[in-house]
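Notes for the structure review
One letter stands for each residue in the lines below.
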Amino acid sequence: MLEVFIFATLNGLVTGFLLFMLASGLTLIFSMMGVLNFAHASFYMLGAYFAYSLSLYFGFWTGLIFAPLIVGTLGALVERYGLRKVHASGHVAELVFTFGLAFLIEESIQFFWGRDTKNYQTPDLLDFPLFTLFGQEFSAYRGFMMAISIGIFIALYYVLTKSRVGIIIQAAITHPQTVSNLGHNVPLIFMGVFGVGTALAGLAGVIAGPVLTTFPGMATVLGSIVFVIVIIGGLGSLAGAFIASLLIGLLQSYAIASDVGMPDLLSLLGISFDRGHPLNDLWTMNLPQIAPVLPYLLLVLVLIFRPTGLLGKREE
Amino acid sequence: MMALLKKSSIWIAFLIALLGLPLLFDSILAISILNQMAIAIVFALSYNMLLGQGGMLSFGHAVYFGLGGFLSVHALMLIEYETMVFSILWIPLIGGLFGLLAGIFIGSFSTRKAGTVFAMISLGIGELIAASSLIFSSFFGGEAGISGDRTFGPTFFGFDFAQNIEIYYVAAVWAFIATLFMWLFTQTPAGRMANAVRDNPERAEFIGYSSRKVRFISFCASGMFAGIAGGLFALNYEFITEENLNAATSGRVLLMAYIGGLGYFIGPIIGAVVLTLMNSLLSNYSELWMLYLGIMFLLTVMFLPRGFAGFIMMHQLAWVRGNMKMLIKPYIITGIPALLFALCAIALIEMSHTEDEVFHYLGFALNPASPVTWIVILAIAGGAFYAVKRSFNQLNDAWETANAIPKEEES
Amino acid sequence: MKKIQFFTRLSSPLRKLMAVTGLASLLVLNSTSSAQEPVRIAFMDPLSGTFASVGNTGKTILEFAVDYFYNSKGGILGGRMIEVVPLDNKQSPNETQLQFRRAISEEIQIIFQGNSSAVANTLNQTISRHNRRNPGQEVLQINYSAVDPILTEDNCSFWHFRFDAHANMKLNILTDYIAADPNIKSMYIIGQDYSFGQVVSDTTIKLLNEKRPDIEIVGNEFHPIGQVKDFTPYVTKIVSSGADAVITGNFGADMVSLARSIIDSGLDIPIYTFYAAYDGITATLGESGKGKIRLIHNGVANPLPTEERKQFNRDFKIAHPNNDITQPRIVNALQMVVKAMEETQSTDPYDIALALEDMRFTTLGGEEIWMRGEDHQIFQQLSISVHTDEGVEFDADNSGYGLVTEYQVPLEETIVESSCQMRRPRR
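Analysis parameters
Within each chain, residue numbers correspond to sequence positions counted from 1 in written order. Whichever chain is written first becomes A and whichever ligand is written first becomes 1, with later ones labelled in order. Only residues with pLDDT of at least 70 are given local features in this predicted model, and only at 80 or more are side-chain atom pairs given and counted; all residues enter the totals for whole chains, interfaces and linings. For the purposes of this entry, the term helix denotes a DSSP run of H or I that reaches at least four residues, the term strand denotes a run of E that reaches at least two, and both are numbered from the N terminus. Radius of gyration: over C-alpha atoms. The globule rule applied is 2.2 Å multiplied by the number of residues raised to the 0.38 power. Labels follow a simple rule on C-beta atoms placed from the backbone: if 20 or more others lie within 10 Å of a residue's own, it is buried; if 12 or fewer, it is exposed; otherwise it is partly exposed. Placing a C-beta atom from the backbone of each residue, one calls two residues in contact when those atoms lie within 7 Å. We treat two strands as partners when DSSP finds at least two bridges between them. When the strands point away from the viewer, a crossover counts as right-handed if the route from the first strand across the helix to the second turns clockwise. Polar here means any residue other than Ala, Val, Leu, Ile, Met, Phe, Trp, Tyr, Cys and Pro, which are nonpolar, and Asp, Glu, Lys and Arg, which are charged; Gly is therefore polar. Each axis is a line fitted through C-alpha atoms, taken for helices only over the stretch in contact, and angles between the N-to-C directions span 0 to 180 degrees. Orientation is classified from the angle alone, with under 35 degrees giving roughly parallel, over 145 giving roughly antiparallel, 65 to 115 giving roughly perpendicular, and any other angle giving oblique. Whether a crossing is left-handed or right-handed is set by the direction in which the near helix is turned from the far one by less than a right angle, anticlockwise for left-handed and clockwise for right-handed. As used here, a nonpolar core is made of buried Ala, Val, Leu, Ile, Met, Phe, Trp, Tyr and Cys residues. They are joined through C-beta atoms within 7 Å. pLDDT is a residue-level measure of predictor confidence that goes from 0 to 100.

When its secondary structure is counted, chain B shows 18 helices and 4 strands. Relative to the 2.2 N^0.38 estimate, which gives 22 Å for 411 residues, the radius of gyration of chain B is 24 Å and therefore close to what a compact globule would have. When the backbone C-alpha atoms are referred to their principal axes, chain B occupies close to 70 × 60 × 45 Å. Of all 411 residues assigned to chain B, the portion counted as buried reaches 48%. The contacts of chain B with a sequence gap of at least 6 include a subset with a gap of at least 24, amounting to 79%.

Looking only at helices and strands, one finds 14 helices and 2 strands in chain A. Here the C-alpha radius of gyration of chain A, 21 Å, is about what a compact globule of 316 residues would show, namely 20 Å. Projected onto the principal axes, the alpha-carbon positions of chain A cover approximately 70 × 50 × 40 Å. For chain A, the residues scored as buried account for 52% of the 316 residues in total.

Residues and elements named next belong to chain C. Where strand β6 (residues 186-192) meets strand β7 (residues 216-223), 7 bridges bridge the pair, whose relative direction is parallel. Residue pairing for β7: Gly-191 is matched across the bridge by Phe-222. With helix α8 (residues 195-211) bridging β6 and the parallel β7, this β-α-β connection has right-handed handedness.

Taken together, the contact pairs 29 residues of chain B with 32 residues of chain C. When contributions to the side of chain B that touches chain C are tallied by element, the ones reaching two or more residues are α3 (28-53) and α13 (267-285) of chain B. A breakdown of the residues in the side of chain B that touches chain C according to their chemical character gives 12 nonpolar, 12 polar and 5 charged.

With that settled, consider the interface of chain B and chain A. Listed per partner, the contact involves 33 residues of chain B and 36 residues of chain A. Going through the elements one at a time, α6 (115-135), α7 (137-140), α12 (247-260) and α14 (289-303) of chain B are the ones with two or more residues in the side of chain B that touches chain A. Considering every element that reaches the side of chain B that touches chain A, the biggest residue donor is α6(B), with 13 residues. Within the side of chain B that touches chain A, the residues separate by chemical class into 22 nonpolar, 9 polar and 2 charged.

Further remarks concern the packing of helix α4 (residues 91-113) of chain A against α14(B). The geometry of α4(A) relative to α14(B) is characterised by a closest axis approach of 9 Å and an angle of 155 degrees between their N-to-C directions. Considered as vectors, α4(A) and α14(B) are oriented roughly antiparallel to each other. Here α4(A) runs over α14(B); the crossing is left-handed. Contact with α4(A), carried on its side by Ala93(A), Val96(A), Phe97(A), Gly100(A), Leu101(A), Phe103(A), Leu104(A), Glu107(A), Ser108(A) and Phe111(A), involves Met290(B), Leu291(B), Gly294(B), Ile295(B), Phe297(B), Leu298(B) and Val301(B) of α14(B) and no other residues of that element.

All names here are of chain C. Of all the 7 residues making up strand β1 (residues 39-45), 6 are buried; the element is thus mostly covered by neighbouring parts of the structure. Strand direction decides the pairing type here: β1 and strand β2 (residues 82-88), joined by 7 bridges, are parallel. From the neighbouring strand, Val-39 faces β2, where its bridge partner is Ile-82. Sheet topology places β1 next to strand β3 (residues 110-113); 3 bridges connect them, and they run parallel. Of the residues in β3, the one forming a bridge with Ala-42 is Ile-111.

In this section: the packing of helix α4 (residues 62-80) of chain B against helix α5 (residues 91-110) of chain B. Residues and elements named next belong to chain B. Between α4 and α5, whose axes approach to 8 Å, the crossing angle comes to 135 degrees. On the basis of the axis angle, α4 is oblique to α5. In the packing of α4 onto α5, the handedness of the crossing is right-handed. Two secondary-structure elements touch here, α4 through Val-63, Tyr-64, Leu-67, Gly-68, Gly-69, Leu-71, Ser-72, Ala-75 and Leu-76 and α5 through Ile-91, Ile-94, Gly-95, Gly-96, Phe-98, Gly-99, Ala-102 and Gly-103.

Residue and element names in this part refer to chain C. Within the open sheet, the 7 strands sit side by side as β7-β6-β8-β9-β10-β14-β15. Their pairing is mixed. Two strands bound the open sheet, and with one partner strand each, they are β7 and β15 (402-409). Adjacent strand axes in the sheet meet at a mean angle of 25 degrees when their direction is disregarded. Pairing between β6 and strand β8 (residues 245-248): 4 bridges, direction parallel. Bridge pairing links Met-187 to Ala-245 in β8. Packed onto the sheet, helix α7 (residues 167-179) meets β8, β9 (271-273), β10 (293-298), β14 (382-388) and β15 and runs at close to 60 degrees relative to β14. Across the sheet, helix α10 (residues 252-264) touches β6, β8, β9 and β10, and the angle it forms with β9 is around 170 degrees.

Inside soluble globular proteins, nonpolar side chains tend to come together where they are buried. In terms of nonpolar packing, the biggest core is built from 320 residues, with Leu22(A), Val226(A), Ile229(A), Val42(B), Ala171(B) and Phe225(B) touching the most fellow members. The greatest single-element share of this core, amounting to 19 residues, is contributed by α3(B). Excluding residues that lie within four positions of it along the chain, Ile229(A) makes contacts with Leu19(A), Ala23(A), Ala241(A), Ala244(A), Ser245(A) and Ile248(A).

With respect to the helices and strands, Phe14(B) occurs in helix α2 (residues 9-24). Separated by 12 residues in sequence, Phe14(B) and Asp26(B) have C-alpha atoms that sit 19 Å apart.

Another aspect to go through is unusual backbone geometry. Residue and element names in this part refer to chain C. Of note, the amide linkage connecting Asn-302 to Pro-303 takes the cis form, showing an omega dihedral of -10 degrees. Even without being a glycine, Lys-90 presents a positive backbone phi close to 50 degrees. Note that Lys-90 resides in the loop between β2 and α5 (93-105). Even without being glycine, His-376 reaches a positive phi, approximately 60 degrees. Among the secondary structure elements, His-376 is positioned in the loop between β12 (368-372) and β13 (377-379). Exposure remark for His-376: the 25 C-beta atoms within 10 Å place this residue in the buried category.

This part is about the environment of Thr248(C). Looking at the element boundaries, Thr248(C) is found in strand β8. Those residues in contact with Thr248(C) that lie beyond four places of it in its chain are Ile190(C), Gly191(C), Leu258(C), Ile271(C) and Thr273(C).

Attention now moves to the confidence of the model for chain A. Overall, the prediction assigns chain A a mean pLDDT of 83, with 93% of residues at 70 or greater. Of all the helices and strands in chain A, helix α12 (residues 280-283) of chain A carries the lowest mean pLDDT, 66, while helix α2 (residues 40-58) of chain A carries the highest, 91.

The next point concerns the environment of Leu334(C). With respect to the element layout, Leu334(C) can be found in helix α13 (residues 328-344). Excluding anything up to four places from it in sequence, Leu334(C) contacts Leu62(C), Ala65(C) and Val66(C).

Model confidence for chain B is summarised by a mean pLDDT of 84, while 97% of its residues fall at 70 or above. The ipTM, which scores confidence in the relative placement of chains, is 0.82 for this predicted complex, and the corresponding pTM is 0.86.

In structure tokens:
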């Protein structure tokens, strides 16, 4: 049981950190520009595909560096020539725009790369078990994923709290008008934040692609979870997004690893139902089965009882 | 009497159009598409009650559609096993009733706030219910869904509704009734207040309305009409699956309402018709149709922020002032190269995708392997693009003159 | 491009109007007016969206086989060509209904369909209902791949024919194979949480209990279909359960992710599967899956038994270098349907159905296969093959890796009983 717990924790952390790389960009974009970027996970997918193509010719490491740059540039272009134009029509229009963008990116990926699963492999350099515990290997690549994510977190934290740009961004999150009045080029900041945010998503895609398989549905699988994290964490709160990412990562991992379900609960209470009962599905439900639903349940509960999210300060 | 007749003339025309269309288009496919349209119109209009009139952005509207549909199929089964005896004509009412109940329950906590909080709760609820529908397979039937048979129950003047054309008339009448009631709703104080709360909740509160209560009423009504659409779906297809309440369906109704034009009552109707047609016909011609749909959608959001209906309404002023003829020529001059450019772009996309040696396109046999084909098409596309660019100013000028004083606020 | 009945049935004033505007000529451009009407068959499978690669490969195989065997040799029934009409159902029961109506509208009476049992069940119900309500316009369902047993058992229909072994038949053979391996003492079952995944789980437990009661089922896990980001948590459970083997009915991305997670964790145990090959899966598994992944399937993998079959594969590969013959049963189905047409000199579904019942047919691979009349289920030899790069004459995904058959069971031993009580229409 102990080994299951340890590995569940490790897996949860790997997923959690990965989710944070997506959520950090999204929460910055969301809180600054008020745009719920539906296409954020699509940039993550683009990152994986670009890295895959680059890795075919130049190896994994080139992909690791250049794919996020390409994705970030694309993101900045989308902001400059798409979102900014739509901005005049209000938030709903922006949101619908990103919604359509997500759709278009998925279709374009199928157009350029085809619909089958891509053979995007981990680099040979990291193709060894980092350590073996209770007969189970923890691959070096997962360790690498974790290291990158933590590195990004620290760098982001440092930039946002210590650098001048970071302080302007922080100010723009809470008081966009004032920052504009102070003479800062807010559109340029927006474009930069959007670019960096999407580049982070792209980086997440690069490192997740080999492990979570690179296929056209990979954005959909992750898309709304990242949304949920940003809301649970609270608008404009990077720390909140961090906590929520780890929370969701661990929650799902533990739920899958556990073996408890309604039958256990019922037998604990001394109740039993036969299989023919109309609510049989309810009585036989177990935790691993509902693991994917838990984030949404959490979302609804948080929104009902604490609409600002865990660490959020602003309501709208 | 005459005044009433004049006022309701548009409704009479709508009814005649609904009932008359199958006489013009009578193939099985056409009836199938008309059926889809009737359902989509009710569904998209119900969504517009939320977003267009109430300012509530929902990512989970399919929940009410789907739940109404599931209950309707269960009702069909009960009729089949003679647990209940009533004509299947009333099935949409059951869907509507259940959509209303679901709306009352979910609305009781989700309408407290508008804006992002509401949007996110709707997303969460949508995902929750979609996921639970796969877990509770005795009610929802798992991924294969549940199915019934509409030919049981008392017949209606001898009709047993075995044929799709018979069910189309049922759907058309229901769609008409639902549309009429949704329009009437916009005329009630509740409907008017929904607009007020959308635009400025504080002011609405000042004149003594609880903005939460106003949102709640719109929300429940919208859930009910979505349920009616779900019931119509159940009648038409005699089956329903979890797809009908998942995020994809919620997204599609958002697209319909948005492309059609949110601010106008007729907008979602246009959106429903256009998207249904594209969905049914475009996929026949190209497997890349989803790509085109995505491109078209983005272009609409970027250049026609108020949707197709908004585009049509833009011409109201010119129409009233009798200046439409000033616009016809510039439209044609810009429109033809624009169309040519679009056709060339499609040819290029299709050619780079095809594996065949000869690609048939608009009566031309193109050779994707030869660079000459590419250069020629690229040249035409370039020329067309240039022509659009050149003539666009002219169109702009014509537009200005046609709409010259008194200029109306456009946003 | 396909012509559409939608516009040809317009009433005359409107048609005139459209003719004037040139619209009609544009839309019904290709109305072939050859003396011999082609025989039109629909291929209804996902051709866009997430599952499109499998559907498109199937379509390519069917179209190739149609040309290879018939159209290039002057057609069938004395000179009629076969025309394959692709219908994209996006692997969705909803869309299947829409596409079915399109098929009816175009007066197509034979529908090939394979992917997803949920879709096959929907289509089966829809066709039964349609055929009952519209005598004279019946439609035949040629199911080349959906393996939910219910289609030829409780829900069997006169209008449905299955050209693949169903899940219970396959599991029967697979559990024999597992039971014969004394090294396997414990088994982990993991699958997608839907009907096929549940059939695999239930049947495996039942059969292993009968054949090897000493094999312990150490895990029976369902995960949501297509929603799992990372299979590592599941693999952790497999490792800690100490299982000697894993069996799964997963397909598509869920299959790849699961297999790779198992292999990445360093777990060196056999993985028994149904769908772990082709369409990018073989290439993705590559070296890491070698000798670990086994598939149960009908027909044969490498080495192919006859020169005709090899030549067919080679010719296909020349025409479509990026595709493989993933499902030879599509070819069998086509050949048997055409044989039934030739025998009866008819394209009426009722005649074809009667001719198909109890038909015995020798495939390109030289084996005799049998369509049982009682439940419309095909019987042919079943094979268990391993994912490897040794002795692979015809690889998959151009990866050098492919399937090599290790174990074969002749037709007679694959026969299982059916609970089918078919309602036969009267003519």
